[in-house]
Each structure stands twice: as C-alpha cells, then as structure tokens.
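Per-entry structural report
In case you want the letters, here they are:
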Amino acid sequence: MSKINLDNSQFDTQAIHAGYRRDSDYGALATPIYQTSTFTFSDTEHAMKVFSGEMAGYDYTRAGNPTVRVFEEKIALLEGAEDAVSASSGMGAISSAILGLLKSGDHIVCGDTVYGCTDVVMREILPSLGITTTFVDTSDLAAVEAAVQENTKMIYFETPANPTMHVTDIAAISALKAKYNDIRIVVDNTFAPPPIQYPIRLGADIVVHSVTKYINGHGDVIGGVVCGSKDDISLVRSRAMGKITGTPLTPFCAYLIIRGMKTLGLRVRKHCQSAMALAEYLEKSPYIEKVYYPGLKSMGADYDIAAKQMNGLYTGIISFVVKDGINGMSSFDAAKKLMDNLTIPAIAVSLGDPDSLIQHPASMTHIKVPKEAREKVGITDGMLRFSVGLEDTQDLIADFEQALKAL
Ligand SMILES: Cc1ncc(COP(=O)(O)O)c(C=O)c1O
C-alpha cells in the first residue's frame, strides 16, 4: 500500500500511486507482472481459508490477479468509485455491466448515438435474453423521461457522443433517480476520462471504459473496466465477468495499462489542448463546413453543458465536415482526399493514442449503415473524425494547412 494520503492528493499524484503495493519480495518499484494462471497454497488449511474468503488471496487468474487488481484500484480511485472490475475489452466491460446488473424483463433507455457494438448488444443480443431497449437522444432530458417505463432499470449513454459530439447533462439525467426508483445511470466515459469528466461525482452509478483508448493511451492494449459501488461491482464480478462468463484482463495488459496511466493527466491535457487549437483552426478554414467539438462556443447547448461538466478539458477528438463542391468534388470525395493528403495522422479507427488517427465514418465505420440512417444522427458524407495525438500542435496544424490547400 502507498503511504501517501491519496484522498487528499491531486490527480497526477493519484494516477501514479493509487493501487500501488510495495513488492514484498524484492521491493520492485514497477508493479510485477504476475503471469500465472493459478496460485499455490502452503497447505490445505491455507487453501480452505482463501477459497472460503476467510483470508485474502488469489486462486485462479480468471477470477482475480494481483497485477490486474492494482489497475482496478487505481482506476476506481481516479473515477471516484468504491470499486472497479476490469475486462479483456471495452465491450467485455459493457456487456458484463449490463448482464451483471439487469435481468430478463428489465428495460434500458439508451443514447441513440452509442458505439456500434454497444448498439448491436442492445438491439440484437439483449432482446433474446428478455431485456428491451428504447433509444433516445439523451441530450434531450424530456425525451429521456418520456422513454422511462415501469420496468426501466438503466439509463445508458456516452458523452460526448461519437462522432456527433452531442453532450448529455450527466447531473440532470442522474437527478431522475429521485423520481424513478431503482434506475442505474451508466456512462461510457471512454471519450472523456479523468481528469476531464467524473460521472460518479455528478451522480452516475456506473462508469464503463474502453481502456484501449486514453486510459492505456499507447495503442497497444485492448481492455475495459466497470467502476461503481462495492455492491454493484460485486454483482458484475460474480454474475458476469471473471469466474463466470470469463472475460478477464490479462496480467500483461494490466501491467501496460498501469504504466500508461502514470502519465494519464499529462497526456490527456495535451490531447485536449491540441484538439482545442485544431478545432479553432478548422472552424476558420474556408474548406470546412462545420466543426463538432464540445469546447467550441458554436456548439451552443452542447458547449454550455460541457463547460459545466468537463473541467475545462473537452476531449481530444474532433469531428468536422468538409464542404461540398470544392473543385467540383462531392463532400464524400473531398473528405477522402483530405485524409489521403494528410501526412501525420494514420488512417485508422480507435482513438486516444499518442499517434493522431483519422477516419471517414461514411466509408469506414458506418459504411454498412444506410445513408439516411446515418444522416439522421448527423453522420454526413463529408464528416471526418480526428483523434488528435500527442504530436506537436503546430506540426498538426501545418499538416492540415497543406492538406486542405491541396484539395
Ligand atoms: C465509446 C466506446 N465505447 C466502447 C468501445 C469498445 O471498446 P473495445 O474496443 O475496447 O472493446 C469503443 C471502441 O471504439 C468506444 O469508442
């Protein structure tokens, strides 16, 4: 255990020291990787005590592992949660949170622009288990209330939403709990991890993350986590993840994540500062129709809520729309050409890496979604999503300058 009073420490101190235990064998500073599937016992009495829960300990890595536990304690403290349970991917965490906390007959109110695979879980997998979902724009509080039914047990959303950057008021949605019994508020905080946004402090019950993104932050791990109260995490751990359906994070991935998290604050602040500068640059460009970034005043109500709940850091992801008609090109072709003209960003999905990543939803992530359906949620032909990396801000702006001029 760390000697530091972490409850009174600032974010960067917590990110480095939370969860840390001094290695009892050799005093290693870095958390050792306990790369083992099983754990041994000194004798049968010892085994009995660990299996019965009378004594703390580990028996099998699917159910728990010391390296993985350091990560879980670190993220729980940073999110202001009592506990956390990790998973082998963001989707593992999301499905485990739902399966662990809900049962047949329950209903979910879900944001209408959630990550594609989350949408598939809600639309295609949960109904066969007797769990139904109504999709609404969660930035519209009245629409959320209208969708609540007697059996609604969960309100689930992402904010800012991907890739439209609509912002949902976490405190306002969480306040609905006072009116309707037994509803858990679940926020996918992947786009705005601490120190940007703290949903639990704003009244949410559960935070889920694709740890693959900013939390690990180096583009070399797939992982996920669910954070919440001790009781909820215990339910998720025992009913869905770990021992039962089995989507554990590996000790090696946990080690990489712990290492990545030591610089979470530094990285996230830089991602956000560069994103703000680029969003302002793009907003002034004659080639760009519209920029979606919660830190821009032109986002109107989205900006007003973001200014309240995002701690002055507005994520490192920008969506923007290239104009139709540049040199006779459609916005679809101009967006593709702009991506090809850029030299720094890699053409790739994912986000939150040190490397800038750019993608064109209409020809990549949303290529199979009918045009009318994607346009209905604001994903137009000319829209690009840019995950601003940790490269020099001026180099990124210069790259956009040359790429736009060459359209
Ligand atoms: C907002 C959001 N949630 C969840 C996920 C799923 O995470 P993973 O790819 O780690 O399973 C993603 C992946 O891109 C995401 O963007």
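Residues numbered from 1 in each chain as written. Predicted model: local features only at pLDDT ≥ 70, side-chain atom pairs only at ≥ 80, totals over all residues. Heavy atoms only, no water.

Quick word on the nonpolar core
Ranked by internal contacts, the top residues of the largest apolar core, which has 73 residues, are Phe71, Tyr293, Ile318, Phe320, Val322 and Phe400. Looking at this core element by element, the count peaks at nine residues for helix α10 (residues 264–284). Discounting residues that sit within four places of it in the chain, isoleucine 318 has contacts with Ala275, Leu278, Ala279, Leu282, Val291, Tyr292, Tyr293, Leu384, Arg385, Phe386 and Val388. Met91, Val114, Tyr156 and Ile233 belong to the second largest nonpolar core, which has 24 residues in total. (Core = buried A, V, L, I, M, F, W, Y, C linked by side-chain atoms within 4.5 Å. Buried < 20%, exposed > 50% of the residue type's maximum accessible area, 1.4 Å probe, protein only. Helix = DSSP H or I, 4+ residues; strand = E, 2+ residues; numbered from the N terminus. Contact = heavy atoms within 4.5 Å.)

Remarks on the site of the ligand
The immediate surroundings of the ligand are formed by 13 residues, with Gly90, Asp188, Ser210, Thr212 and Lys213 found nearest. The separation between a nitrogen atom of the ligand and a polar side-chain atom of aspartate 188 is 2.6 Å. Residue serine 210 places a side-chain N or O atom 2.8 Å away from an oxygen atom belonging to the ligand. In isolation the ligand offers 390 Å² of accessible surface; the protein chains occlude 90% of this area. By residue number, the principal contributor to the shell around the ligand is helix α4 (residues 90–101), which donates three residues. (Near = heavy atom within 4 Å. Polar contact = N/O pair within 3.5 Å; in protein donor to acceptor, adjacent residues only side chain to side chain. Areas by Shrake-Rupley, 256 points an atom, 1.4 Å probe, with all protein chains shown as cover.)

Observations regarding the environment of isoleucine 257
Examined against the element boundaries, isoleucine 257 turns out to sit in helix α9 (residues 251–261). Taking the C-alpha atoms as reference points, isoleucine 257 and glycine 228, separated by 29 residues in sequence, lie 19 Å from one another. Sequence-distant contacts of isoleucine 257, defined by excluding residues within four places in its chain, comprise Phe71, Val211, Ile215, Asn216, Val221 and Leu249.

Describing the packing of aromatic side chains
The tally for this structure, following the rule as stated, stands at six aromatic pairs. The structure contains a cluster of three or more aromatic residues connected by ring pairs, namely Phe320, Phe386 and Phe400. In this structure, arginine 201 packs its charged tip against the face of tyrosine 198, placed 3.8 Å from the ring centre. Lying across the ring of tyrosine 292, lysine 290 places its NZ or CZ 5.4 Å from the centre. (Phe/Tyr/Trp six-rings, centres within 6.5 Å; stacked < 30°, edge-to-face > 60°. Lys NZ or Arg CZ within 6 Å of the ring centre and 35° of its normal.)

Quick word on helix α8 (residues 230–239)
By the burial criterion, the buried members of α8 are Asp232, Ile233 and Val236. Mapping the buried residues of α8 onto a view down its axis gives an arc of 95 degrees, with all of them on the same face. In this structure, the buried side of α8 is in contact with β1 (83–87), α4, β5 (184–188), β6 (206–210) and β7 (224–228). (Arc of directions from axis to C-beta.)

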